[in-house]
Amino acid sequence: MLRYEKAIGADFVDEGEDGLLDAIIGALEKLPEAKPHSRDYHLPGEHDQCDHSVTGECVEEEPQGERAPLFKGERDIVSKPVEHVLLFDANGRRKYALGDNNPNKVTIPEDVIEYSRVSGALTLTHNHPNGASFSIQDILTARQMNLAELRVVGKSSLGKFTYILKRPENGWPKKEKIWEAYLKYRGTIQDALVPRYKSGLISKTVAEAAFSHALSKLTAKELGLDYRMIRVRSRA
């Protein structure tokens, strides 16, 4: 069985979407339950989340550098029971903090959308209380707001996760293309996961994590987007 780090990082070009899904499911099944009160750190070499650290480790210390406010903000919202949205400019300064006390959505005001669209330099991060990767609405919002980077953080019994999408050099794809790519794989992934879940082969947590990650990864690949997932795991 592929190790988890390999499963989330490999392209699986030769194996196709079925191979990708099988690898994700198998890797998620092998993840240990998250342990409370443990010190967390990111996978070696994953410096996006931890560019305040020389080693790339996310030990429980105060972040440093331009993106420190972003990392602190994500640390604060990752375990929240309702969604929160934070927006940062290119210099790492927090511009907006939004929330509707709703577990599934946050309404972004029109003036904030317009500011982001014109700027083209904002990073939006938010939390998913169920620990899932991006929704179709997340990606459409990134396009609408012309975000430089879209991020989501979440926590489940499998651990803490950060998901990242960055705007391509030629800009976000058209709305119709995003929907086309999303719908292309949604049914296939559901058809593969539902029987496994109903037969008891995988848990609901694994099914939800595998569905959202596989759908985001395949949709991003179809659209030529840079997609990554980073797992925060307990120090051995």
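Residues numbered from 1 in each chain as written. Predicted model: local features only at pLDDT ≥ 70, side-chain atom pairs only at ≥ 80, totals over all residues. Heavy atoms only, no water.

A. Looking closely at the overall build of the protein. Helix and strand content of the protein: seven helices and seven strands. Written out in order from the N terminus, the α and β elements of the protein read α-α-β-α-β-β-α-β-α-β-β-α-α-β. Evaluated residue by residue, the protein yields a buried proportion of 49% over its 236 residues. In the protein, once contacts between residues fewer than 6 apart in sequence are set aside, the share between residues at least 24 apart is 64%. Counting every atom, the protein has about 12200 Å² of accessible surface; 48% of that belongs to carbon and sulfur. (Helix = DSSP H or I, 4+ residues; strand = E, 2+ residues; numbered from the N terminus. Buried < 20%, exposed > 50% of the residue type's maximum accessible area, 1.4 Å probe, protein only. Contact = heavy atoms within 4.5 Å. Areas by Shrake-Rupley, 256 points an atom, 1.4 Å probe, with all protein chains shown as cover.)

B. How the structure looks around the nonpolar core. In this structure, Leu-87, Leu-124, Phe-134, Met-145, Leu-147 and Leu-165 are the most contacted members of the largest nonpolar core, which totals 42 residues. Elements supplying a minimum of two residues to this core: strand 2 (85-88), helix 4 (110-119), helix 5 (136-145), strand 5 (149-156), strand 6 (159-166), helix 6 (175-198), helix 7 (204-223) and strand 7 (226-234). Of the residues forming this core, the biggest block, nine residues, is contributed by helix 7. Among all residues touching Met-145, those that are not within four sequence positions of it are Leu-87, Ile-108, Val-112, Ile-113, Ser-116, Arg-117 and Leu-124. The next biggest cluster of nonpolar side chains, apart from the first, holds seven residues, and it includes Leu-70, Ile-77, Leu-86 and Val-153. (Core = buried A, V, L, I, M, F, W, Y, C linked by side-chain atoms within 4.5 Å.)

C. View of the side chain of Arg-151. As for its placement among the helices and strands, Arg-151 is situated in strand 5. In terms of polar contacts, Arg-151 uses its side chain to reach the side chain of Glu-74, at 2.7 Å. (Polar contact = N/O pair within 3.5 Å; in protein donor to acceptor, adjacent residues only side chain to side chain.)

D. The arrangement of the environment of Leu-124 in detail. Mapped onto the elements of the fold, Leu-124 is located in strand 4 (residues 123-128). Spatially, the C-alpha atom of Leu-124 lies 6.6 Å from that of Phe-88, the residues being 36 residues apart in sequence. Among all residues touching Leu-124, those that are not within four sequence positions of it are Val-85, Leu-86, Leu-87, Ile-108, Met-145, Leu-147, Glu-149, Leu-150 and Arg-151.

E. Representation of the pairing of strand 6 in the model. With respect to burial, strand 6 is a largely interior element, six of its eight residues being buried. Here eight bridges tie strand 5 to strand 6, and the two strands are oriented antiparallel to one another. The partner of Gly-154 across the bridge, within strand 6, is Phe-161. The hairpin turn running from strand 5 into strand 6, its antiparallel successor, is two residues long. (Pairing = 2+ DSSP bridges.)

F. Summary view of helix 4. Those residues of helix 4 not exposed but buried are Val-112, Ile-113 and Ser-116. The arc enclosing the buried residues of helix 4, seen along the axis, measures out at 100 degrees, which places them on a common side. Exposed positions of helix 4 whose direction lies more than 90 degrees from the buried face are Glu-110, Asp-111 and Val-118. Lining the buried residues of helix 4 we find strand 2, strand 3 (94-98) and helix 5. Downstream of helix 4 by one or two residues, Gly-120 has phi in the positive range, about 70 degrees. (Arc of directions from axis to C-beta.)

G. Geometry of helix 7. Given a rise of 1.5 Å per residue, 20 residues ought to cover 28 Å, and the 28 Å separating the end C-alpha atoms of helix 7 matches this to within 8%. Among the 20 residues in helix 7, 14 count as buried, and that is most of the element. (Expected span 1.5 Å × (residues − 1).)

H. Layout of the packing of aromatic side chains. Tallied over the entire structure, the rule returns five aromatic pairs. Note on Tyr-96 and Tyr-115: the rings are 6.1 Å apart at their centroids and 75 degrees apart in plane angle, and the pair reads as edge-to-face. With Tyr-96 in strand 3 and Tyr-115 in helix 4, the pair connects residues that are 19 residues apart, well separated along the chain. With relative accessibility at 23%, the residue Tyr-96 sits in the partly exposed group. (Phe/Tyr/Trp six-rings, centres within 6.5 Å; stacked < 30°, edge-to-face > 60°.)

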